[in-house]
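Here's the letter readout for the chains.
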Amino acid sequence: MKKSINNKSKQKTKFVINPLSPDELQSFLDEKSKKIIKYFLIKSLFSQPEPKKEQKTLPIQIPKEHIEQWFTQSLDVKPVGAGSYPIDIYNEREKWGADIKMLNIKLDSSGSVTNGDSGEASLGQKFEGPGINLDEMFKKKKYTDIKNQWVKLFNEKYESLKKNYPIETIYYFFILRPGTQIEGADFYFTGAVINLKNLEEVEVDKKRTTTKSVFLKNFIDDAYGGTKIYKAKKRLELRLRPKTWIENGMSLKITTSFIPTHINLREQDIGPDYLKNEIDKLKNLEVNFVE
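Because the structure is predicted, anything quoted here is derived from the model rather than measured.

Peer 1: Before we move on, can you summarise the side chain of Glu94 with the specific residues and values?
Peer 2: Locating Glu94 in the fold gives a position in the loop between strand 3 (89-91) and strand 4 (96-105). A relative accessible area of 15% places Glu94 in the buried class. Within the structure, the side chain of Glu94 is placed 3.0 Å from the side chain of Trp96, a separation counted as a polar contact.

Structure below.
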């Protein structure tokens, strides 16, 4: 599966994390890839536990390890993720690797994506080295020093990949999922390419930085997200602004007809027949990529 590099991706930016164009996103997923992801998503939706009748609908939960396997299978690439390893999958043919993340997105009462930030994704966590003196550095307001140490940590994290793989390009693949489960929950697939050379452009956002977090500028375009070094968790975090990605065509929408069933299972005869009926419902569950 060859990637066609869109001209937009060749434009120079000052950002470290740069959204993939619609054409680039499409180039990663051929029809077979989409069928495999749809297959996995249907299985995942089926496995969601039923809320009780009087209970609020539960958010959809899918383990990160399962998402990684979606892409391992659908893109026919090598799984390499293990714990805190920088990437989850590696394409030996095209010499690229990707770190895969699933993030919650906020919806309004009508099911539309809000202007709110997504859930957070860790870009690097360290309890040793930069993490040891982090509290003291915050106390002394050495925000630039904090930024420099964590930028260095981020760079070393991905540069270290070259010891094991002849890697040329590093991506983030994001699956955006609804933070609350509603009728016909929709997902989004989007991605970004990392430019380590632009780490020298990263600055402290002095207007937003507090005694608890150092906010950064130029890590990602403000319209698409934000990054901060969080003192309490000793990590560099990324939050996306999903509405911008969606409205600017930087995502592929995956619609589903999934409707959660509110039921008190102790009132049911839970056995082979009940399970068979639930499995039969899968035949009517629709999952589709929106072109």
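Peer 1: Tell me about the pattern of salt bridges, and please be specific about residues and values.
Peer 2: In this structure the tally under the stated criterion is 20 salt bridges. Ionic pairing is found between Glu54 and Lys52, a salt bridge with its closest N-O pair at 3.7 Å. Overall, the relative accessible area of 59% leaves Glu54 in the exposed class. By relative accessible area, which is 42% here, Lys52 ends up partly exposed. Of the charged contacts in the structure, one is a salt bridge between Glu159 and Lys162, with a shortest N-O distance of 3.1 Å. Classification of Glu159 as partly exposed rests on a relative accessible area of 32%. In the salt-bridge network here, residues are joined through shared partners; they are Glu120, Lys233, Arg235, Glu237 and Arg239.

Peer 1: Residues and numbers for the nonpolar core, please.
Peer 2: Residues Ile17, Ile146, Phe154, Phe174 and Phe219 are the most contacted members of the largest nonpolar core, which totals 45 residues. Within the residue set of this core, elements represented by two or more residues are strand 4, strand 5 (121-125), helix 5 (134-139), helix 6 (143-159), strand 6 (169-178), strand 7 (187-194), strand 9 (213-217) and strand 11 (235-240). With 7 residues, the single largest contributor to this core is helix 6. Within the second largest apolar cluster, 32 residues are counted, among which are Ile62, Phe71, Ile175 and Val287.

About the thresholds
Residues numbered from 1 in each chain as written. Predicted model: local features only at pLDDT ≥ 70, side-chain atom pairs only at ≥ 80, totals over all residues. Heavy atoms only, no water. Helix = DSSP H or I, 4+ residues; strand = E, 2+ residues; numbered from the N terminus. Buried < 20%, exposed > 50% of the residue type's maximum accessible area, 1.4 Å probe, protein only. Polar contact = N/O pair within 3.5 Å; in protein donor to acceptor, adjacent residues only side chain to side chain. Salt bridge = Lys/Arg side-chain N within 4 Å of Asp/Glu carboxyl O. Core = buried A, V, L, I, M, F, W, Y, C linked by side-chain atoms within 4.5 Å.

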